[in-house]
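Observations on chain architecture
Chain by chain, the residues:
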Amino acid sequence: MKRDQRMADLKQEIQDHLQEEIDDNLSRGMSPEESRRAALIKFGSVTRVTEATREVWGFAWLDRLLADLQYALRMLRKTPGFTVVAVLSLALGIGANTAVFSVVYSALLQPLPFRDASRLMVLNERTPNVGIISVAYPDFFDWHAQSHSFSDMAALQPVAFNLSGLTEPEFLNGLAVSPNFLAMLGIRPASGRDFELDEEKPGTAPVVMLSYALWQRRYGADSGVVGKTVLLDGRPFTIVGVLPADFLAPGKTDLLIPLGVWTTNNSAEVHERSDRGDMIVVGRLADGVSQTRATSELQGIAARLAMEYRATNDRVGAVVQPIRDALVGQVRPALLLLLGAVILVLLIACANVANLLLVRGAGRADEMALRIALGATRARIFAQILTESLVLSSLGGLIGFGVAFAGVRALGRLIPAALQHDGGVALNVPVLVFSAGVVVIAALLFGITPALHANRNDLQSALKEGRRCSGAGARHSRTRNILATAEAALAVVLLVGAGLMVKSLYRLVQVDPGFRPDRVLTMTLSLRPDRYSTDAAVRNFWDQVLQRVRELPGVESAAVATNAPMTGNHDRLDITIEGMVPLRPGDYPHPDLHLVSPGYVQTLGIDLLRGRSFTADDNEQASPVAMINQRLANQWFRNEDPVGKRFMFGHPIAKEQSQWLTIVGVVADTKLYGLANQSRLEVYVPFRQIFTAHQMDLLVRSRIDPSALTSGLRGAVYSVDSNQSIAAVATMKELVSNSIATPRMLLLLLGLFGVLAVVLAAVGIYGVIAYSVAQRTREIGIRMALGARRSHVFGMVIGQGVKLAVAGIAIGIPAALGLARLMSSLLYQVSTADAETSSAVVMLVLLVAVAASFVPARRATTVEPMEALR
Amino acid sequence: MSTRSHRSRVELLQGTLDLLILRTLLLGPAHGHAIVKAIEFRSDEVLLVEQGSLYPALHRLLKRQWITAEEGTSENNRRAKYYRLTAKGRRQLQRETSKWDTLAGAIARVLRPVTGESD
């Protein structure tokens with residue numbers, strides 16, 4: 001307002017000044033006409049004076065910016081077709097970048113809620129046979145005592161409890177931890193106290209720390225909860241504290257207990273080096289110690305332990321990885337691949353918009369020339385065109401942000417649940433800053449070339465020649481060809497990536513899991529040791545549940561088993577086959593073990609290859625039997641029939657103590673750990689022999705939709721024990737499909753980006769060809785007047801499009817082959833240099849180029865020679 | 001064409017316009033047109049001022065508070081904005097004038113050596 005007033009004053013003053021001068025001139029006898037002219041000449045350019053005066057006031061740049069913005073919006077409104085195409089291309093490019101970056105940020109960049117998290121390492125043991133395995137508790141003690149690379153070290157052991165005494169029984173997951181665990185991470189309980197150091201010793205009083213979520217859910221955020229007792233597996237635990245809300249742990253963590261409480265409950269096993277629970281160790285690197293140095297020290301200690309405790313530690317090494325790697329796991333390469341893909345999409349979108357701007361810029365050459373003639377500086381023109389670019393890009397950014405908002409939830413499923421703190425992936429401030437940056441960079445990327453071109457226009461010739469093609473026009477078309485070629489090349493790269501994913505996923509879907517997952521429902525039951533303290537009671541419970549379940553309508557067959565496929569659970573033991581030559585302790589076969597009820601093979605639909613499966617007669621009274629899988633048979637019973645042979649668990653011991661199991665059947669390999677993973681050695685033992693399991697999966701094959709059985713199954717379980725909790729209800733099909741969720745998601749997104757890229761490239765090629773045809777109307781007219789046939793003209797135009805595509809392919813294919821190597825870890829049984837994929841992409845891009853040139857080519861053939869030449 | 005056009009005219013050095021405006025206003029408040037006329041007249045019309053360039057200069061001086069502006073009426077009985085020298089502007093003029101004298105003297109000595117010496 002104030003500025004407007006000032007401006008009006010200035011204009012008035014200038015008018016007054018001119019009037020004075022005119023009056024003077026009139027009094028000197030000039031004609032009114034001449035007086036006015038002379039006054040204006042003497043004054044100079046009113047516009048420039050106003051401008052210069054405004055500069056003195058300051059904020060001139062703001063005025064200029066506002067004027068440029070208004071002008072830009074007006075220009076964009078005048079060419080709605082251009083604006084819509086440009087803004088949509090940018091929206092897709094920027095939106096995809098924002099969405100993917102938000103996931104990358106929360107998985108890979110967001111600071112972990114631990115003090116100095118980059119110094120925290122996850123420590124595991126490792127054998128050449130199996131790979132990374134959990135840590136034996138005694139080994140942890142030796143690491144802790146002997147290493148100097150770590151200022152602190154804590155062990156974590158997953159535990160599970162049935163929570164009772166409140167409302168519905170609930171199955172809780174938690175961690176038994178060294179008492180220094182929280183302090184090492186720099187975490188303080190939200191309320192109550194931390195664990196005390198002597199709570200690592202066996203025999204300590206049962207205490208528990210609740211997760212924030214459990215405290216809210218089961219105790220209504222009662223502030224007086226500390227000091228109360230809670231019944232876990234029927235035993236009273238004193239609540240000593242509540243964890244903070246942002247506490248982050250691998251997997252679902254409802255509670256923490258000190259390791260001492262866990263060792264008290266499991267005193268028999270935990271001090272055996274041979275017995276690994278699922279323990280992992282977290283350590284904080286000492287000041288100035290690198291991960292490499294810590295690793296080599298730890299491996300040295302492991303090597304000494306392997307010598308000292310040969311029977312249990314032979315070939316057992318140690319690995320050290322940063323805590324973020326351990327939490328992020330396999331998704332890092334997938335996320336980086338996606339980030340690369342969306343950057344390519346953005347580049348294509350930018351090339352496309354630059355191309356459109358160039359076409360439009362050619363139409364505006366006169367406008368620019370006129371502005372320069374009227375005194376606009378080249379810098380001013382440059383700024384104005386960049387402002388237009390920025391407006392386009394910001395509009396794209398706004399819409400893109402909407403796209404990202406819609407897509408981000410779905411994308412969030414890519415990253416492990418452990419990292420989804422604060423309600424998962426979100427569009428937060430760093431993401432906003434990132435997309436603002438992308439908006440600006442995109443504007444520069446696609447705006448610079450047209451802005452430079454607008455300025456390079458030769459004033460004289462532009463004004464003189466008007467709309468005719470000039471030297472600048474030729475330069476324009478060269479730039480446009482380069483841009484269209486670049487788009488095609490980038491699209492080729494994306495398509496090859498997408499194509500490899502398609503093939504990989506196709507291979508994965510074709511993988512035989514070794515069982516028939518359709519119509520199978522699974523759920524996990526975990527018995528309270530206090531209520532089921534004898535083997536007989538436990539086995540009786542499983543039998544009763546099976547009996548009730550089998551009576552339900554719709555149930556075809558049912559079984560209980562430990563470590564069902566795709567559940568992620570596992571038990572592995574060394575076995576000794578009767579008559580085998582004694583081996584190094586680390587070289588014994590180490591199969592996965594399943595305790596199963598009769599009916600397991602039928603329920604899961606696993607092929608029985610030899611012998612028989614278990615029956616109700618394989619019980620405590622009968623002599624122990626087992627089934628093995630084909631891989632074990634092939635590897636350890638070469639050229640022999642394993643049925644009738646015997647093996648035992650563990651390493652050879654005195655004959656009279658050996659408990660041999662007779663192999664009665666051989667079954668097909670099952671994919672225990674997801675479709676992409678190698679099958680392993682497996683042995684099956686009847687659940688009534690040798691071992692007893694408190695936790696088993698109930699598997700039911702139904703005649704109908706398996707999820708419809710859920711409530712009936714719950715009822716059957718409760719009818720045996722109304723206090724029994726039920727967890728992890730899922731259909732086997734879901735579990736199988738979840739095991740390839742990442743490649744499926746990757747395929748979906750890469751495919752989407754690939755399609756986007758092709759469409760954008762097609763638009764780019766179309767634009768270039770159509771414009772060139774429009775410009776060459778005269779030339780085409782002459783050619784036709786000189787006798788060129790229409791089919792020839794048609795072919796010439798199509799050829800021009802194909803040439804662009806061929807150039808793009810020539811650049812894109814080598815680039816794709818190079819880049820695809822980066823995604824080799826994400827592919828399943830597909831070579832990164834897959835010839836089929838490359839040739840399919842080449843065909844597709846050529847086809848698209850022909851299709852994109854088709855319409856302009858048709859238009860070229862309709863040129864009337866006489867009209868074009870007139 | 002008048003005879004004036006035969007005389008050589010000099011374009012103003014950067015910054016000297018400010019000095020001339022301040023000097024003109026020393027004689028009393030004046031409006032824009034009068035200031036230009038005074039500069040032309042007092043320099044025997046040797047100094048060429050593009051009249052429009054006066055205004056950015058005036059606003060620069062206003063911003064530095066060397067002059068103030070007020071409403072008034074011109075000789076032709078028209079509403080006009082009058083500019084008046086402030087105390088601050090007066091001091092500035094003194095400083096600039098002595099600086100200018102020193103500079104002009106120095107340039108004159110360099111350009112015209114004493115004639116007696118060359119004989």
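Residues numbered from 1 in each chain as written. Chains lettered and ligands numbered in written order. Predicted model: local features only at pLDDT ≥ 70, side-chain atom pairs only at ≥ 80, totals over all residues.

Structural notes on the overall build of chain A
- A tally of helices and strands in chain A yields 29 helices and 22 strands.
- Relative to the 2.2 N^0.38 estimate, which gives 29 Å for 870 residues, the radius of gyration of chain A is 37 Å and therefore markedly larger than a compact globule would have.
- With the principal axes as the frame, chain A shows a C-alpha extent of 135 × 70 × 55 Å.
- Buried residues in chain A amount to 41% of all 870 residues.
- The long-range fraction of contacts in chain A, counting pairs at least 24 apart against all pairs at least 6 apart in sequence, stands at 83%. (Helix = DSSP H or I, 4+ residues; strand = E, 2+ residues; numbered from the N terminus. Rg over C-alpha atoms; globule rule 2.2 N^0.38 Å. Buried ≥ 20, exposed ≤ 12 C-beta atoms within 10 Å, placed from the backbone. Contact = placed C-beta atoms within 7 Å.)

A word on the overall build of chain B
- Scanning chain B from N- to C-terminus turns up 5 helices and 5 strands.
- Ordered by position from the N terminus, the helices and strands of chain B form the series β-α-β-α-β-α-β-β-α-α.
- Burial analysis of chain B (119 residues in total) assigns 27% to the buried set.
- Of the contacts formed within chain B by residues at least 6 apart in sequence, a portion of 52% connects residues at least 24 apart.

So, the interface of chain A and chain B
- The partner chain B presents 16 residues to the 19 residues of chain A that form the contact.
- The element best represented in the side of chain A that touches chain B is helix H1 (residues 2-27) of chain A, accounting for 9 residues.
- A class-by-class count of the residues in the side of chain A that touches chain B yields 8 nonpolar, 5 polar and 6 charged. (Nonpolar A, V, L, I, M, F, W, Y, C, P; charged D, E, K, R; others polar.)

So, the environment of Ser394 of chain A
All names here are of chain A.
- For Ser394, the location among the structural elements is in helix H16 (residues 378-412).
- Since 20 C-beta atoms lie within 10 Å of it, Ser394 is described here as buried.
- Residues Ser394 and Val440, 46 residues apart in the sequence, show an inter-C-alpha distance of 8.0 Å.

Points about the packing of helix H14 (residues 331-363) of chain A against helix H25 (residues 741-775) of chain A
All names here are of chain A.
- Contact geometry for H14 and H25: axes closest at 10 Å, N-to-C directions at 15°. Considering their axes alone, H14 and H25 lie roughly parallel with respect to each other. In the crossing of H14 with H25, the sense of the turn from one axis to the other is left-handed.
- Of the residues that constitute the contact of H14 with H25, the class distribution is 24 nonpolar, 5 polar and no charged. (Axes fitted to C-alpha atoms, helices over the stretch in contact; angles between N-to-C directions. Parallel < 35°, antiparallel > 145°, perpendicular 65-115°, else oblique. Left-handed = near helix turned anticlockwise from the far one by under 90°.)

Considering helix H23 (residues 710-720) of chain A
Residue and element names in this part refer to chain A.
- Every buried residue of H23 is listed here: Leu713, Ala716 and Val717. An end-on view of H23 places all buried positions within 95° of arc, on one side of the element. Turned more than 90 degrees away from the buried face of H23 sit Ser711, Gly715 and Ser719, all of them exposed.
- Of the surrounding elements, those touching the buried residues of H23 are strand E12 (520-526), helix H20 (535-551), strand E21 (695-702) and strand E22 (726-731). (Arc of directions from axis to C-beta.)

A few points about the packing of helix H1 (residues 16-25) of chain B against helix H4 (residues 87-111) of chain B
All names here are of chain B.
- Close contact between H1 and H4 brings their axes to 10 Å; oriented N to C, the two are set at 125°. One finds that H1 runs oblique with respect to H4. The way H1 lies across H4 gives a crossing that is left-handed. Contacts between H1 and H4 involve Leu19, Leu22 and Arg23 from the former and Gly89, Gln92, Leu93, Glu96 and Trp100 from the latter.
- For the contact of H1 with H4, the residue count by class is 4 nonpolar, 2 polar and 2 charged.

Some words on the sheet that holds strand E5 (residues 79-85) of chain B
All names here are of chain B.
- Strand order across the open sheet formed by 3 strands is E2-E5-E4, with antiparallel pairing between neighbours. The open sheet has two edge strands with one neighbour each: strand E2 (30-31) and strand E4 (67-73).
- With 2 bridges joining them, E2 and E5 adopt antiparallel strand pairing. Paired with His31 across the strands is Tyr82, a residue of E5. (Pairing = 2+ DSSP bridges.)

Points about the pairing of strand E19 (residues 661-667) of chain A
Residues and elements named next belong to chain A.
- Counting buried positions over the 7 residues of E19 gives 6, a clear majority of the element.
- Two elements, strand E16 (residues 608-611) and E19, share 3 bridges in a ladder whose sense is antiparallel. Paired with Leu608 across the bridge in E19 is Val667.
- Relative to E19, strand E17 (residues 625-629) is paired through 5 bridges, and the arrangement is parallel. Within E19, the position partnered with Ala626 by the bridge is Ile663.

Structural notes on the domain arrangement of chain A
- Once the domains are mapped, chain A shows domain 1 (2-58), domain 2 (130-314), domain 3 (331-510 + 741-869) and domain 4 (532-722).
- Here the C-alpha centroids of domain 1 of chain A and domain 4 of chain A sit 101 Å apart. (Domains from an automatic or database assignment.)

A short note on the confidence of the model for chain A
All names here are of chain A.
- Per-residue pLDDT for chain A has a mean of 87; in total, 94% of the residues score no lower than 70.
- Within chain A, E17 carries the highest mean pLDDT (97), whereas helix H18 (residues 459-465) carries the lowest (55).
- With pLDDT under 50 throughout, residues 466-471 is counted as low confidence; its partners more than four residues away or in other chains account for 5 contacts. (pLDDT = per-residue confidence, 0-100.)

A short note on the confidence of the model for chain B
Residue and element names in this part refer to chain B.
- Scored by pLDDT, chain B has a mean of 78; 81% of the residues are at 70 or more.
- Per-residue pLDDT, averaged within each element of chain B, yields its smallest value for helix H5 (residues 115-118) (49) and its largest for E2 (89).
- For the stretch residues 1-7, pLDDT sits under 50, and the model shows 1 contact to residues farther than four places along the chain or on other chains.

Things to note about unusual backbone geometry
All names here are of chain A.
- One non-glycine residue, Ala221, adopts positive backbone phi at about 55°.
- Checked against the element boundaries, Ala221 lands in the loop between helix H8 (212-219) and strand E7 (229-232).
- In this structure, Ile690 is a non-glycine residue whose phi angle is positive, near 65°.
- Residue class for Ile690 comes out partly exposed when judged on the 17 C-beta atoms lying within 10 Å of it.

A short note on the environment of Leu370 of chain A
All names here are of chain A.
- Among the structural elements, Leu370 can be located in helix H15 (residues 365-373).
- The class for Leu370 is partly exposed, based on 14 C-beta atoms found within 10 Å.
- A sequence separation of 340 residues divides Leu370 from Thr710, and the C-alpha atoms of the two residues are 77 Å apart.

What about the environment of His17 of chain A?
- As for its placement among the helices and strands, His17 of chain A is situated in helix H1.
- Judged by local crowding, His17 of chain A falls into the buried class, with 26 C-beta atoms found within 10 Å.
- Considered as a pair, His17 of chain A and Leu735 of chain A are 718 residues apart in the sequence and their alpha carbons are 86 Å apart.
- Other than its neighbours up to four places away in sequence, His17 of chain A contacts Gly32, His33 and Gln51 of chain B.

Remarks on the pairing of strand E15 (residues 592-596) of chain A
Residues and elements named next belong to chain A.
- Across the 5 residues of E15, 5 count as buried, placing the element largely inside the fold.
- Burial of E15 is two-sided: the residues Asp592, His594 and Val596 facing one way and the residues Leu593 and Leu595 facing the other way are all buried.
- In the sheet, E15 pairs with strand E20 (residues 682-686) via 5 bridges, with the strands oriented parallel. Pairing of Leu595 across the sheet is with Val685, part of E20.

What about the nonpolar core?
All names here are of chain A.
- Ranked by size, the top nonpolar core spans 111 residues in total, and within it Val345, Ala757 and Ile765 carry the most contacts.
- Looking at this core, the element that brings in the most residues is H14, giving 21 residues.
- Counting 59 residues, the second-largest nonpolar core is a separate cluster that includes Ala136, Val159, Leu232 and Met279. (Core = buried A, V, L, I, M, F, W, Y, C linked by C-beta atoms within 7 Å.)

Brief notes about H4 of chain B
- Compared with the 36 Å implied by 1.5 Å per residue over 25 residues, the 36 Å span of H4 of chain B between its first and last C-alpha is a close match.
- Within H4 of chain B, only 2 of the 25 residues are buried, which leaves the element largely exposed. (Expected span 1.5 Å × (residues − 1).)

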